[in-house]
Amino acid sequence: MIEIIKTTPYTDQKMGTAGLRKKSKVVMQEHYFENFLQSIFNVIAPEGKTFVIGGDGRFYNSIAIQKLIKMSAANGVKKLIVGKNGYLSTPASSNMILKNHTDGGFVLTASHNPGGENGDFGIKYATETGGQCSSQVSDKIFEQTKNITEFKILQCEDIKLDTLGSQKVGEMEVEIVDPITDYVKLMESIFDFDAIKKMFANGFTMRFDAMNAVTGPYAIEIFENVLGAAKGSVLNATPKQDFGGLHPDPNLVYAKELVDIMYGENAPDFGAANDGDGDRNMILGKKFFVTPSDSLAILTDNYALIPAYKGGIFGVAKSMATSTAVARVADAHKIGYYEVPTGWKYFVNLMDSKRITFCGEESFGTGSSHIREKDGIWAVLFWLNIIAATGKSVEEITTEHWQKYGRSYYLRFDFDGIPTDIANDLMKNLEEKLPSLNGQEMNGFKIKLAEVFTYNDPVDHSSTSNGMRILMEDGSRIVFRLSGTSSSGATLRVYLEKLERNKFDANPRDMVDELLKMAMNIAEIEKRTGKKQADVTT
Ligand code: G16
């Protein structure tokens, strides 16, 4: 029986950079999830449509997914394709949306944010493009959430999600699928699996840290079972509701176990980690870290080594905050180059219109037009393929890249937990100051341009402003923006980049020191937030 339940709106259901992301306890409030989902349905008219659904397995996944299924049935959805046990990585979901030509999908995830009852929960909504909905659509959904008065739900038993195959829930078909098989096939169609297998057979060693999140089973299948990496190469491979207490953000701070292994004695040849929902990646060599910005540049420079791309690529894009390393590669290869606001959704039009093949972000995201999300395992396989094709180590590949293109020393400083009004005032003050900075000399740099970054989408002609940048005459940069993925309060991100053409072995922190002083001073960070230094540096 379909029930129509009266509800009262919440006022805080605005989607951020990637869907709705909140504290688990916020989402667990009465009708919070239902209100948000019904608001999406009210905007997208789901009757007769098919969606892909799943989640990263975090706390509340199993409850939310049952609500999602029952509300879909009550709202006239024709069919749901559901990852077995309710698990689906973000890239696998995008693949399934595209492969099955569905009308979109939902991934229950707060991505790299911690999970558990005291952690975060989230919902990403993707359209038929396989990418997340545009800001125009999320704005309409937000308006709905403010006025919602009722939602529809089918009253029925919980649906069993552990058996593959089709079942009926009311009038709706629910097909439980194994998402890993299709994803492995996709990866096999892109990379030279034979070359990578040969490399493992010859003794190449790796560690992949799945951080107790959704990619564990995908990684075991691909790296250990198919490619022949030694058993035990995948760490933290079993998805856990609270990620075993880990913060599933693959960077030098949070992927500590892997970092200790890669910087220890007898380190394996290659190390990598993925985040909660499998779209982010970190790449490491023996005692060596590749910044995500460099990784994008290196993958782009080496596209011809990969079977699926050797015929040529359209172009490449990065988020504005990402370092300019890939711009120099695009220039050398004479391919299209775009800079977009932070948020993978801004790449989707560029991929659909065949302007770009690759894209990436400083926030540990890299991907290509094989899907419309960033793809952690794809990036790891790309690196393995380059290593297999060249016989070189991660360090050699990266160092040779710097020798060819120069090195963008790059660090991001995050100032967390700032009260929202203080963060907004800081940004407003900074924006007002920008015109006066043009042409000034400070801390040994000459400022070429200080501006608000505005992106004009060449396909839908929408215009988006996100963050501010100060560009120096020597190619160095300072970028300021507020995070769009915080579940409470505000995080100020300060991104620093120092371009060096000849010096490659310096300490990045030393290299950006003057830029940091300059950024702290211009944005009045200590005065306004009370913070003398960043909470997290990556
Ligand atoms: C999300 C988006 C990314 C974006 C990141 C930045 O990542 O999908 O495109 O780069 O947020 O977040 P912030 O606004 O906090 O800097 P994910 O992995 O959380 O989906």
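Thresholds, definitions, all that
- Starting afresh in each chain, residues are numbered from 1 along the sequence in its written order.
- A pLDDT threshold of at least 70 governs which residues receive local features in this predicted model, and a stricter bar of 80 or more applies before side-chain atom pairs are shown or counted, although totals over entire chains, interfaces and linings include all residues.
- Neither water nor hydrogens contribute to the side-chain values; these are computed over all heavy atoms in the structure.
- Definition of nearness: a residue and a molecule or strand are near each other if at least one heavy atom of the residue lies within 4 Å of the molecule or strand.
- For the purposes of these results, a polar contact is taken to be a pair of N or O atoms within 3.5 Å, where, inside protein, one atom must be able to donate a hydrogen and its partner to accept one; residues adjacent in sequence count only when each atom of the pair is a side-chain atom.
- Note on areas: Shrake-Rupley, 1.4 Å probe, and residue coverage restricted to the protein chains presented here.
- Here the nonpolar group is Ala, Val, Leu, Ile, Met, Phe, Trp, Tyr, Cys and Pro; Asp, Glu, Lys and Arg are the charged ones; every other residue, Gly included, is treated as polar.
- Domains are outlined according to an automatic or database domain assignment.
- When two parts are put together, the accessible area they lose, computed with a 1.4 Å probe and summed over both, is reported as buried area.
- Criterion for a salt bridge: a side-chain nitrogen of Lys or Arg within 4 Å of a carboxyl oxygen of Asp or Glu.
- A run of H or I in DSSP counts as a helix once it spans at least four residues, and a run of E counts as a strand once it spans at least two, with each numbered from the N terminus.
- Residue exposure (1.4 Å probe, protein chains only): buried if accessible area is under 20% of the type maximum, exposed if over 50%, otherwise partly exposed.
- Should DSSP find at least two bridges between two strands, the strands are regarded as paired.
- By definition, the crossover connecting two strands over a helix is right-handed if that path, from the first strand to the second, turns clockwise as seen with the strands pointing away from the viewer.
- Helix axes are fitted only over the stretch in contact, all axes being lines through C-alpha atoms; the angle between N-to-C directions runs from 0 to 180 degrees.
- Any pair of residues with heavy atoms lying within 4.5 Å of one another is described as a contacting pair.
- The rule for a disulfide is simple: a pair of cysteine sulfur atoms within 2.5 Å.
- Aromatic rings from Phe, Tyr and Trp, with only the six-membered ring used for Trp, were paired whenever their centres fell within 6.5 Å, and each pair was classed as stacked if the ring planes differed by under 30 degrees, edge-to-face if by over 60, and tilted otherwise.

**Let's talk about the site of the ligand**
Part 1: Near the ligand, the surroundings consist of 20 residues, among which R21, S483, G484, T485 and R493 are the closest.
Part 2: Within the backbone of W344, an N or O atom sits 2.8 Å from an oxygen atom of the ligand.
Part 3: Take S483: an N or O atom from its side chain is 2.5 Å from an oxygen atom of the ligand.
Part 4: Notes on the ligand: free accessible area 470 Å², of which the protein chains cover 100%.
Part 5: Looking at the shell around the ligand residue by residue, the class counts come to two nonpolar, nine polar and nine charged.

**Regarding the domain arrangement of the protein chain**
Note: interface size is frequently given as the accessible area lost on complex formation between the parts.
Part 1: With domains assigned, the protein chain is organised as domain 1 (2-179), domain 2 (182-405) and domain 3 (407-537).
Part 2: Distance between the C-alpha centres of domain 1 and domain 2: 28 Å.
Part 3: Interface area, domain 1 with domain 2, both sides summed: about 2,600 Å², of which 55% is carbon and sulfur.
Part 4: Of all residues in domain 1, the largest losses of buried area upon contact with domain 2 belong to P91, N95 and H112, amounting jointly to 22% of the total for that side.
Part 5: Between the two partners, domain 1 and domain 2, sit three salt bridges.
Part 6: Notably, a salt bridge pairs D182 with K99, separated by 3.2 Å at the nearest N-O pair.
Part 7: In this structure, the connection of domain 1 to domain 2 is made through 14 residue pairs in polar contact (both at pLDDT 80 or more).
Part 8: The greatest single-element share of the side of domain 1 that touches domain 2, amounting to seven residues, is contributed by helix α4 (residues 90-99).

**What to know about the pairing of strand β3 (residues 50-55)**
Part 1: Most of β3 sits out of view: six of its six residues are buried.
Part 2: Note that β3 and strand β4 (residues 79-87) share five bridges and pair parallel. Paired with F51 across the two strands is L80, which belongs to β4.
Part 3: Taking the sense of rotation as the criterion, the β-α-β connection linking β3, helix α3 (residues 61-74) and β4 turns out right-handed.
Part 4: Two strands pair when backbone bridges link them, and β3 and strand β5 (residues 104-108) are joined in this way by four bridges, in the parallel orientation. Directly across from G54, in β5, lies its bridge partner V107.

**A word on the pairing of strand β12 (residues 270-274)**
Part 1: Summarising burial for β12: five of the five residues are buried, a large majority.
Part 2: Because side chains alternate across β12, one face comprises the buried residues F270, A272 and N274, and the other comprises G271 and A273, equally buried.
Part 3: As paired elements, strand β10 (residues 206-209) and β12 share four bridges and run parallel to each other. Across the sheet, M206 pairs through a bridge with F270, a residue of β12.

**What to know about the sheet that holds strand β17 (residues 358-361)**
Part 1: If you trace the four strands from one edge of the open sheet to the other, you get β16-β15-β17-β18, paired in mixed fashion. Either end of the sheet is taken by a strand with one partner, and the two such strands are β16 (336-340) and β18 (365-368). Across the sheet, the mean angle separating the axes of adjacent strands is 15° when strand polarity is ignored.
Part 2: In terms of strand pairing, strand β15 (residues 315-319) meets β16 through five bridges, oriented parallel. What sits directly across from K318, in β16, is E339.

**A look at the environment of A92**
Part 1: Its place among the elements puts A92 in helix α4.
Part 2: Residue class for A92 comes out buried when judged on its relative accessible area of 1%.
Part 3: Along the chain, A92 and E395 lie 303 residues apart, while their C-alpha atoms are 30 Å from each other.
Part 4: When near neighbours in sequence (up to four residues on either side) are disregarded, A92 contacts P179, Y183 and Y218.

**Things to note about the state of the cysteines**
Part 1: Applying the stated criterion across every chain, the model contains zero disulfides.
Part 2: For C133, which is in no disulfide, the shortest distance to another cysteine sulfur is to C359 and amounts to 17 Å.

**Looking at the environment of F364**
Part 1: Within the element layout of this structure, F364 appears in the loop between β17 and β18.
Part 2: As for F364 and A273, which are separated by 91 residues in sequence, their C-alpha atoms are 9.9 Å apart.

**So, the sheet that holds β12**
Part 1: Read from one edge of the open sheet, five strands run β11-β10-β12-β13-β14, paired in mixed fashion. The strands lining the two open edges of the sheet, one partner per strand, are β11 (234-235) and β14 (288-290).
Part 2: Sheet topology note: the strand β13 (residues 281-285)/β14 ladder contains three bridges and is antiparallel. When the sheet's bridge partners are listed, L284 is paired in β14 with F289.
Part 3: Across the sheet, helix α14 (residues 394-405) is in contact with β12, β13 and β14; its angle to β14 comes to roughly 55°.

**What about the packing of aromatic side chains?**
Part 1: As enumerated under the stated definition, the model contains 19 aromatic pairs in all.
Part 2: Summarising the aromatic geometry, the rings of F289 and F364 are spaced 6.3 Å apart at their centres and angled 35° between planes, so their arrangement reads as tilted. Residue F289 is located in strand β14, and its partner F364 is located in the loop between β17 and β18; the two are separated by 75 residues in the primary sequence.
Part 3: According to the relative accessible area criterion, F364 is buried, its value standing at 6%.

**Brief notes about the pattern of salt bridges**
Part 1: This model, assessed by the stated rule, comprises 39 salt bridges.
Part 2: We note a salt bridge from K79 to E175, for which the minimum N-O separation is 2.8 Å. Within this pair, whereas K79 is found in strand β4, its partner E175 is found in strand β9 (residues 172-177), the two being separated by 96 residues in sequence.
Part 3: We note a salt bridge from R469 to E339, for which the minimum N-O separation is 3.0 Å. With R469 in strand β22 (residues 463-472) and E339 in strand β16, the pair connects residues that are 130 residues apart, well separated along the chain.
Part 4: Overall, the relative accessible area of 11% leaves R469 in the buried class.

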